[in-house]
Amino acid sequence: MDITTAASAALRLTVVIASNREGRFAPVVADWFLARAREHQGLAVEVVDLAETELPTALSHHPSPAAQAQLALVTPKLADADAFVVITPEYNHSFPAPLKNVIDWHFAQWQAKPVGFVSYGGISGGLRAVEQLRQVFAELHAVTVRDTVSFHQAQGLFDEDGEHREPLQADAAVKKMLDQVIWWARALRDAKELRPYTG
């Protein structure tokens, strides 16, 4: 693919839903965000919902057939992505174990790609989880964007239909974050067309 073709091709955004907790609030936040991401022209959106996977926590260079079957549900979506958005709650000042697990099962799939964050929780809005994830993704040669979408006391912000009660500010935050993700995704995709990343 030459640079002109690459610039016009739709960007492939994989959204990772981090929580698999029983009774999780994640679907409300995820559905709300995905509706807005899919309105962004030029984005092809895929979803990896970690509640729908059962990756073992014992990492292996020779995964069992059962582990390979689970990886087959996840790895192609990560590999094909030009960019990621992670939707995460905060558990005990950090991010959920299934998210760390899926991150650790992969390496090259994250490299030289941008990552944006949608976080939610109590008074901190999940921002402590995001700050830890920035360190993790830096180790994987991914680029995290500055601006996040963060929901403090999240359950009180959405109505019974899953709509945000004060959408103007939230919608503006989504646009700002996605604009940064898209800029980096295009820049990195174009750069890798000229010179493969070998970090």
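Just so you know, these numbers come straight off a predicted model, no measurement behind them.

Caption draft 1: Main features of the overall build of the chain. A tally of regular secondary structure across the chain gives six helices and six strands. Relative to the 2.2 N^0.38 estimate, which gives 16 Å for 199 residues, the radius of gyration of the chain is 17 Å and therefore close to what a compact globule would have. In terms of principal-axis extent, the alpha carbons of the chain reach across some 45 × 40 × 25 Å. A burial count over the chain gives 46% of its 199 residues as buried. Pairs at least 24 residues apart make up 82% of the contacts formed inside the chain by residues separated by at least 6 positions.

Caption draft 2: Inspection of the nonpolar core at higher detail. The biggest cluster of nonpolar side chains holds 31 residues, and the ones touching the most others in it are Leu 13, Phe 33, Val 85, Ile 87, Val 118, Phe 151 and Met 177. Counting residues per element, the ones that place at least two in this core are strand 1 (11-17), helix 2 (26-37), strand 2 (43-49), strand 3 (83-89), strand 4 (114-121), strand 6 (149-152) and helix 6 (167-194). Formed by 26 residues, the second largest nonpolar core is a distinct cluster that contains Leu 99, Trp 110, Val 130 and Leu 133.

Caption draft 3: The arrangement of the pairing of strand 1 in detail. The buried fraction of strand 1 is high, at six of seven residues. Pairing geometry for strand 1 and strand 2, over seven bridges, is parallel. Within strand 2, the residue paired with Val 16 across the bridge is Val 48. What joins strand 1 to strand 2 is helix 2, and the crossover it makes is right-handed. Here strand 1 runs beside strand 3; their pairing, made up of five bridges, is parallel. Pairing of Val 16 across the sheet is with Val 86, part of strand 3.

Caption draft 4: View of the packing of aromatic side chains. Scanning the entire structure with this criterion turns up nine aromatic pairs. When the ring centre of Tyr 91 is taken as origin, the NZ or CZ atom of Arg 21, which lies over that ring, is 4.4 Å away.

Caption draft 5: Region of the structure containing the environment of Pro 114. The residue Pro 114 is located in strand 4 in this model. Using a relative accessible area of 0% as the deciding quantity, one classes Pro 114 as buried. Each C-alpha atom of the pair Pro 114 and Asp 147 lies 12 Å from the other, and the pair is 33 residues apart in sequence. Not counting residues up to four positions away in its chain, the partners in contact with Pro 114 are Asp 82, Ala 83, Phe 84, Val 143, Val 181, Trp 184, Ala 185 and Leu 188.

Caption draft 6: Spatial organisation of the side chain of Asp 49. Note on placement: Asp 49 falls in strand 2. Classification of Asp 49 by relative accessible area gives buried; the value is 11%. Within polar-contact distance, the side chain of Asp 49 engages the backbone nitrogen of Ala 51 at 3.0 Å. Once residues lying within four places of it in the same chain are set aside, the contact partners of Asp 49 are Ile 17, Ser 19 and Arg 24.

Reading the values: the criteria
- Residues numbered from 1 in each chain as written.
- Predicted model: local features only at pLDDT ≥ 70, side-chain atom pairs only at ≥ 80, totals over all residues.
- Heavy atoms only, no water.
- Helix = DSSP H or I, 4+ residues; strand = E, 2+ residues; numbered from the N terminus.
- Rg over C-alpha atoms; globule rule 2.2 N^0.38 Å.
- Buried < 20%, exposed > 50% of the residue type's maximum accessible area, 1.4 Å probe, protein only.
- Contact = heavy atoms within 4.5 Å.
- Core = buried A, V, L, I, M, F, W, Y, C linked by side-chain atoms within 4.5 Å.
- Pairing = 2+ DSSP bridges.
- Right-handed = clockwise from strand over helix to strand, strands pointing away.
- Phe/Tyr/Trp six-rings, centres within 6.5 Å; stacked < 30°, edge-to-face > 60°.
- Lys NZ or Arg CZ within 6 Å of the ring centre and 35° of its normal.
- Polar contact = N/O pair within 3.5 Å; in protein donor to acceptor, adjacent residues only side chain to side chain.

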